[in-house]
Amino acid sequence: MNRLTGFSRAGMAGAAILVVAALVALIAPLLISADALDVTRVTAAPWQTPGAQHWLGTDHTGRSVALLVVQGAGTSLFVGLTAAVLSVGIGTLVGIVSGHFGGLVAGALLRVTDFFLVLPALVLAIALSTVLPRGLGTIVLAIGLTSWPSTARMVRAQTLTIEARPFVERARALGGGHGHVIGRHVLPSVVPLVLVNTTLAVASSIVAESTLAFLGLGDPTRISWGAMLHQAQLHGAVPQRAWWFLLPPGLAIVVVVLAFTLVGRALEAVVTPKR
Amino acid sequence: MTPEVTNPVLELKKLTVHYGHKRVVDDVSLTLAPGQTLGLAGESGSGKSTVAMSVLRLLPRTARVDGEILLDGHDVQTMSWGTLRAVRWASASIVFQGAMHSLNPVRRVGDQIAEPMRLHGTPGRVTELLEQVELPLEKARAYPHELSGGQRQRVMIAMALACGPRLVIADEPTTALDVVVQAQVLTVMKRLVAEQDLGLLMISHDLSVLAETCDDLAVMHRGALVERGCTREVIANPRHPHTAALTAAFPVIGDPAHRWAEPAAAPEPLLEVRDLVVDYGRTRAVDGVDLTIGQGEIVALVGQSGSGKTTLARTIMGLRKPSSGRVIFDGAAVPLKGRALKAFRRQVQLVLQDPASALNPRHKVLDAVAEGLRVHRIPGDEESLVTAAVERAELRPANLYLDSLPHELSGGQQQRVVIAGALVLQPRLLVADEPVASLDASVRGEIVALLLRLRRELGLASLIITHDLGLAWQIADRVAVMHQGKIVEQGSVEQVLLNPSHDYTRALLRAVPQV
Amino acid sequence: MRLAGRLGGAAVSLVMVAVLGFFLFRVVPGDPVVSMTRGRPTTAAMQAELRAQFGLDRPLHEQFWSYFTSLLRGDLGTSFTFRRPVAEVIAERLGPTLLLVGTATVIAVGLGLWLGVRAAWRRDSAFDRATTGVSLTLWAVPTFWLGMLLMMVTGDLFPSRGMRDTDTAPDFVSQALDVGHHLVLPSITLVAVVCAEYVLVMRSSLLEEMHAPYLVTARAKGLRDDLVRRRHAVPNAVLPAITLVFLRFGLVVAGAITTETVFSWPGLGLLFYDALTGPDYFLLQGLLVVTAGAVVVMNLLADLLHGVLDPRVKVV
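On a predicted model such as this, the values are computed, not experimentally measured, just so you know. (Residues numbered from 1 in each chain as written. Chains lettered and ligands numbered in written order. Predicted model: local features only at pLDDT ≥ 70, side-chain atom pairs only at ≥ 80, totals over all residues. Heavy atoms only, no water.)

A. Representation of the side chain of Asp477 of chain B within the structure. Residues and elements named next belong to chain B. Counting through the fold element by element, Asp477 comes out in the loop between helix H18 (469-475) and strand S19 (478-483). Residue Asp477 is classed as buried on the basis of its relative accessible area of 14%. At a separation of 2.8 Å, a polar atom in the side chain of Asp477 contacts the side chain of Arg455. Those residues in contact with Asp477, other than ones at most four positions away along the chain, are Arg259, Ala261, Glu262, Gly296, Glu297, Ile298, Arg455, Ser492 and Val493. (Helix = DSSP H or I, 4+ residues; strand = E, 2+ residues; numbered from the N terminus. Buried < 20%, exposed > 50% of the residue type's maximum accessible area, 1.4 Å probe, protein only. Polar contact = N/O pair within 3.5 Å; in protein donor to acceptor, adjacent residues only side chain to side chain. Contact = heavy atoms within 4.5 Å.)

This is the structure:
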């Protein structure tokens, strides 16, 4: 049976959007001259409404909003992906270790996981990015280090489920040790779930990045969608009704996050067996 | 000798059910008179549960139902929703299988019994119903998880009787229960059916359970009704080959025709268990057990669930550490860890109850069977070793199966793969935990025959753990009876099963339903 | 026995919160005083005073001990920007946040659970598709952006800054109406995003129960469809959903920070924003400890509530 047939239409649409977004993020830096985004060198007037020349208008410094949105895709996607990989990586490791091995270590890991699971991740991320030097790395760390517990919880549950299955008991009875059980039985069954989780984690990481940037905690040297909205708020886009400065970056976030979510849910439907 | 029926409570006329293009029930016609008890037998997937659910129109929307289902003369198929709701439970009720899941876990059982009475305006009290099923009255305030399996099934029966129906359908009512508890529940059902002159349609895969409760018997196979008649006659003289296979699967204890094991001379001891104690926290699961298995001997360890027999088996395999006592294999104490334990595990192999879950669903047959070879890094051509083992387990030709995934195989084939995975390491002892309990009746005999052939040809000894005294009669040389962590009686099969000396053994034998 | 365990667990969590609050602000590379006073005219004396306040001149375990004992006394240090005790500043801002978060949570839970139940019961219906689609989209929407959009779209219809106008009559009714008027946009923003999550949680929780055999039993008894749902399916499905709702209370906290920032709602969220723009480490530390502590307590309450609602869990 073709696995793709289980993939929903919404999932396909999401995947298509992601391909486009990735292409934009990769190609944009090659096509946009640095001058067009340099506050000191732009020539256009600030707060221009959309028109023939700047078809999404200009921001408070006179830079083209359209170019900013295109340029911002790279930052948002990069942070989203790396933070998600970091977070899911930590979560998977903690989950498998605390699920497979019993004893004190597992107990302590579980306690720590549960503790961080209930803490508001954004508050921790804010605290981390406040104390660490500003930069892309800080944002990735702040998001990745605070969002792993849900993955750990899920991977642990899956590990426990698999280890309770008779085929693992059979493997042990055959003489298989920890490495054999984890490598041959636990990991292969955890991988699909981890994949789904990574996709969904990218979505929430992008939202988290935009929130941190909006609060002024982003990398001040880089353009991201959240940072654009930070500028919009700071320079009064709302009272000026500069909808062209407010809508595009926000919509970009919504569309990309929704796309990741749809792909994640479609993957989930494929990997979880139907009853 | 079916009595002439004038006004049947239930009449099925050419009932056919499709799921998509798959025909699950095929042209089934049968009638049930008031006060009549009819057993519907069949293996898993024979369509018997679908018949039960169709009577109250409880099948999922995807099912297409043709033919007529007349309940008290009215066609269920053409009823309006309102009429149907009024008929449900008041005319016919169901005792579902698996009471644990068929009762709402967060509501008190008393409320759940009273619910249909309030709904249909039936007079009566919950306490009377509980009395009828011999449950203490204060249990009305209990939640399902606070009751034992037998008590939950009694609650289901009380609930089914709540609105005084003319027909009760019981779908595998005792399947998950222990022999002794099963006997108690069946007694209650039999008494109530007789007292209240109910029609009973009882569905089970277990012929002996049906023989115990029902006057008439119908056998289903692949959706069709293949045989129908008086229970004694059907079992004594089955006309359809499938019925014959079903009856053969339930051995009669004491009948030499059902005793398949050949008598063997007293063998040298292979495995000895000496004064073994295993504790789970504060509870003592195994309490001072002595047991010996000879070279090439088949020993059956029988007992109810919770008797400690599974824990004993796990400890023998080195999967659990004993609290005290010793396990001696081939003259040496079984090591508790490291390389020596790993080497020991080559000699003793495990066969589990449910082959579907004993195989990793992602692993092909080749990988599943070769797992032991890879764990022990055994030299030689892997594929030829695997092929030999698979063919020993009677999957021939092996290359037809090596690339299959477990879900593509039948239950019997899966169990053969598990056995092949054990054989490939050339073990000297097989520990089999309920090896045939989850298999269909017709396959069961083949696996039993396979285990006996392996003993004959390879001299392979087995410890068979089972709740099924019939299996012990069929296959074992010796029987050990386990009760509350202790072995209360052991000896040759004939001695223990035909002339039991311990009260508990006698109680177990009494509880076995008689065909 | 179990109750004692739960209380003990919560107590350990609270201590962990305190430890976390301490070390998070000690991992700062370089001198925290320098980064805190970055871009501000400060004298060496002021820096020395700050350093003494942080206790940076003392060994780490002494620092922790004095921090921990003052925390137990309710002393969270002194805010650098407000030049007042942190505990006092936080207490002042608690009311508005409770009002906003309380209003939004009640509406979001009610609406979310109701929509989730409806959607799951008629799975794949137009209603289900619409509800799920809207929820997924709202889940993707950054809270602050939704707030800004609402503010721009509604124009002068609703006040967009603060909690009350200065020129409102001082009597209770006018004041209440004024606060209510100010509350509209922030609560809609918070409800929209949080509710989406609850809809999805409730929906999947009920879908899990849809195949449960006890629902077949209920139907066989002759119960109407909506009774099967109300009496049997929902009571079971709502239990895990409630636990999840409480587990994700951090989501509400996060939403409150950005919502209050956008609407200048004078609560803890806005205080958070002020503290991080400082940055005012003592204030941030205090806020972190207080919010995290509140979440731990909320979770304990959820656990206890679950024990009361679900007979399978014995708490006492």
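B. Quick peek at the packing of helix H10 (residues 243-271) of chain A against helix H6 (residues 126-140) of chain C. Two elements in contact, H10 of chain A and H6 of chain C, have axes whose closest approach is 8 Å; the angle formed by their N-to-C orientations is 125°. Taken as axis vectors, H10 of chain A and H6 of chain C run oblique relative to one another. Crossing angle aside, the handedness with which H10 of chain A passes H6 of chain C is right-handed. Only Thr132, Leu136, Thr137, Trp139 and Ala140 of chain C of H6 of chain C make contact with H10 of chain A, whose side of the interface consists of Ile253, Val254, Val257, Leu258, Thr261, Leu262 and Arg265 of chain A. (Axes fitted to C-alpha atoms, helices over the stretch in contact; angles between N-to-C directions. Parallel < 35°, antiparallel > 145°, perpendicular 65-115°, else oblique. Left-handed = near helix turned anticlockwise from the far one by under 90°.)

C. Expanded view of the sheet that holds strand S1 (residues 10-19) of chain B. Residue and element names in this part refer to chain B. If you trace the four strands from one edge of the open sheet to the other, you get S2-S1-S4-S5, paired in antiparallel fashion. Two strands close off the open sheet at either side, each with one partner strand: strand S2 (22-32) and strand S5 (74-75). Direction of pairing for S1 relative to strand S4 (residues 63-71): antiparallel, over a ladder of eight bridges. Considered in S4, the bridge of Glu11 is made with Leu70. Along the sheet, helix H1 (residues 48-55) contacts S1, S2 and S4; its crossing angle with S1, the most-contacted strand, is approximately 115°. (Pairing = 2+ DSSP bridges.)

D. Main features of the environment of His205 of chain B. Residues and elements named next belong to chain B. Along the polypeptide, His205 turns up in the loop between strand S8 (199-204) and helix H8 (207-213). Along the sequence, His205 and Asp381 sit 176 residues apart, while their C-alpha atoms lie 43 Å from each other. If we ignore the near neighbours within four places in the chain, the residues touching His205 are Gly42, Lys48, Glu172, Thr175 and Phe250. For His205, the side chain forms a polar contact with the side chain of Glu172, separated by 3.1 Å.

E. Up close: the interface of chain C and chain A. Contacts between the two partners involve 49 residues from chain C, matched on the other side by 47 residues from chain A. When the two sides are added together, the surface that chain C and chain A hide from each other amounts to roughly 4,100 Å², 80% of it contributed by carbon and sulfur. Contact with chain A buries area across many residues of chain C, yet Trp145, Met148 and Met152 of chain C alone supply 17% of it, more than any other trio. Here chain C and chain A share zero salt bridges between them. Run the count over chain C and chain A and you get four residue pairs in polar contact (both at pLDDT 80 or more). Of the residues in the side of chain C that touches chain A, the class split is 35 nonpolar, 11 polar and three charged. (Buried area = accessible area lost by both parts, 1.4 Å probe. Salt bridge = Lys/Arg side-chain N within 4 Å of Asp/Glu carboxyl O. Nonpolar A, V, L, I, M, F, W, Y, C, P; charged D, E, K, R; others polar.)

F. Summary view of the pairing of strand S7 (residues 167-171) of chain B. Residue and element names in this part refer to chain B. Buried residues dominate S7, accounting for five of its five residues. Here S7 shows no split at all, with Leu167, Ile169 and Asp171 on one side and Val168 and Ala170 on the other all buried. The pairing of strand S6 (residues 92-95) with S7 spans four bridges and is parallel. The residue of S7 that forms the bridge with Val95 is Ala170. Where S7 lies against S8, five bridges are found, and the strand directions are parallel. Each residue of the ladder has a partner; that of Leu167, found in S8, is Gly199. One crossover worth recording links S7 to the parallel S8 by way of helix H7 (residues 179-196), and it is right-handed. (Right-handed = clockwise from strand over helix to strand, strands pointing away.)

G. How the structure looks around unusual backbone geometry. Residue and element names in this part refer to chain B. Following Arg396, the chain continues into Pro397 via a peptide bond in cis, with omega recorded as -10°. Checked against the element boundaries, Pro397 lands in the loop between helix H15 (382-392) and helix H16 (411-423). Notably, Gln426 is not glycine yet its phi reads approximately 50°, a positive angle. Within the element layout of this structure, Gln426 appears in the loop between H16 and strand S17 (429-433).

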